Amino acid sequence: MRGFKLTYFDFDGGRAEPARLALKLGGLRFEDVRIPIPEWDQYKDQFRYRQLPEFEVDGRWLNQSNAIARYVGQLTGYYPEDPWEAALCDAIVDTVDDTMKRLVDTFTMPEEEKKAVREELVATTLPLFLSGLNQSLLEEGGTYFADDHTP
Ligand SMILES: N[C@@H](CCC(=O)N[C@@H](CS)C(=O)NCC(=O)O)C(=O)O
């Protein structure tokens with residue numbers, strides 16, 4: 001059996017969660033390594049890009065959460081086989097990433113700047129991205145963004 005190890009921080013959600021969920025739902029056994037955030041500085045240098053998640057498969061390492069999720073999705077049947085459906089899926093994941101990045105960028109801002117930037121996001125970018133995602137979902141039938149097999 002293959003040895004899988006997913007390393008991320010010790011909370012649910014975040015960038016490792018799609019891979020964690022696909023591994024669990026797909027029935028693949030894996031080592032779920034969760035580094036406590038306060039201890040991160042001790043571990044950081046062990047990782048090539050000094051960031052997480054990282055996924056180990058039989059001693060080989062893969063970084064980038066979306067690449068990891070796609071790979072696990074392909075192993076477990078949660079990633080579309082049809083090229084168009086796969087592209088739709090990728091586009092949604094990248095759009096969510098674009099949205100999230102704008103929020104994450106505010107995390108370390110000084111309070112006053114953070115408030116102003118977030119107010120601007122709430123007034124402009126977030127409604128644009130969220131309504132775009134909603135439109136994409138509706139265009140695909142309203143249940144799944146891609147690969148909808150519901151009867
Ligand atoms: N594009 C990368 C981004 C990875 C990333 O930003 N990871 C953050 C946690 S979500 C991290 O490791 N932060 C710790 C640090 O930068 O010291 C991915 O999707 O995997």
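Residues numbered from 1 in each chain as written. Predicted model: local features only at pLDDT ≥ 70, side-chain atom pairs only at ≥ 80, totals over all residues.

**Quick look at the pairing of strand β2 (residues 31–35)**
Then, in step 1: As paired strands, strand β1 (residues 4–9) and β2 are joined by 5 bridges and run parallel to one another. Paired with tyrosine 8 across the strands is arginine 34, a residue of β2. (Pairing = 2+ DSSP bridges. Helix = DSSP H or I, 4+ residues; strand = E, 2+ residues; numbered from the N terminus.)

**Details of the environment of arginine 48**
Then, in step 1: Inspection of the secondary structure puts arginine 48 in the loop between α2 (40–43) and β3 (54–57).
Then, in step 2: In this structure the C-alpha to C-alpha distance between arginine 48 and asparagine 63, which are 15 residues apart in sequence, comes to 8.7 Å.

**Quick notes on the packing of helix α1 (residues 17–25) against helix α3 (residues 65–76)**
Then, in step 1: Direction vectors running N to C along α1 and α3 enclose 15°, while the axes themselves pass 8 Å from each other. Considering their axes alone, α1 and α3 lie roughly parallel with respect to each other. With respect to the hand of their crossing, α1 and α3 are arranged in left-handed fashion. Facing Pro18, Ala19, Ala22 and Leu23 of α1, the residues of α3 in contact are Ile68, Ala69, Val72, Gly73 and Thr76.
Then, in step 2: When grouped by side-chain class, the residues that make up the contact of α1 with α3 number 7 nonpolar, 2 polar and no charged. (Axes fitted to C-alpha atoms, helices over the stretch in contact; angles between N-to-C directions. Parallel < 35°, antiparallel > 145°, perpendicular 65-115°, else oblique. Left-handed = near helix turned anticlockwise from the far one by under 90°. Contact = placed C-beta atoms within 7 Å. Nonpolar A, V, L, I, M, F, W, Y, C, P; charged D, E, K, R; others polar.)

**A closer look at the site of the ligand**
Then, in step 1: Every residue near the ligand is listed here: Gly14, Arg15, Arg50, Gln51, Leu52, Pro53, Gln64, Ser65 and Asn66.
Then, in step 2: For the shell around the ligand, the class distribution of residues is 2 nonpolar, 5 polar and 2 charged. (Near = placed C-beta within 6 Å.)

**What to know about the nonpolar core**
One broad rule of soluble globular proteins: the nonpolar side chains tend to lie buried together.
Then, in step 1: In terms of nonpolar packing, the biggest core is built from 11 residues, these being Leu6, Tyr8, Ala16, Ala19, Ala22, Leu23, Leu52, Phe55, Ile68, Ala69 and Val72.
Then, in step 2: Every element with two or more residues in this core is listed here: β1, α1 and α3.
Then, in step 3: Once residues lying within four places of it in the same chain are set aside, the contact partners of alanine 22 are Ala69, Val72, Gly73, Thr76 and Tyr78. (Core = buried A, V, L, I, M, F, W, Y, C linked by C-beta atoms within 7 Å. Buried ≥ 20, exposed ≤ 12 C-beta atoms within 10 Å, placed from the backbone.)

**Quick word on the environment of lysine 114**
Then, in step 1: Residue position: lysine 114 is located in helix α5 (residues 111–123).
Then, in step 2: Judged by the 14 C-beta atoms lying within 10 Å of it, lysine 114 falls in the partly exposed class.
Then, in step 3: Put simply, lysine 114 and isoleucine 92 are 22 residues apart on the chain and 26 Å apart in space, counted from C-alpha to C-alpha.
Then, in step 4: When residues no more than four places from it in sequence are discounted, the contact partners of lysine 114 are Thr106 and Met109.

**Observations regarding the sheet that holds β3**
Then, in step 1: With respect to topology, 4 strands assemble into an open sheet ordered β2-β1-β3-β4, the strand pairing being mixed. At either end of the open sheet lies a strand with only one pairing partner, and these are β2 and β4 (60–63). Taken over all neighbouring pairs, the strand axes of this sheet differ in orientation by 20° on average, direction set aside.
Then, in step 2: Direction of pairing for β1 relative to β3: antiparallel, over a ladder of 4 bridges. Bridging from a neighbouring strand, phenylalanine 4 pairs with valine 57 of β3.

**Remarks on the domain arrangement of the protein**
Many authors give the size of an interface as the accessible area that is lost as the parts come together.
Then, in step 1: Partitioning the protein into structural domains gives domain 1 (4–76) and domain 2 (83–139).
Then, in step 2: Summarising the inter-unit geometry, the C-alpha centres of domain 1 and domain 2 are found 23 Å apart. (Domains from an automatic or database assignment.)

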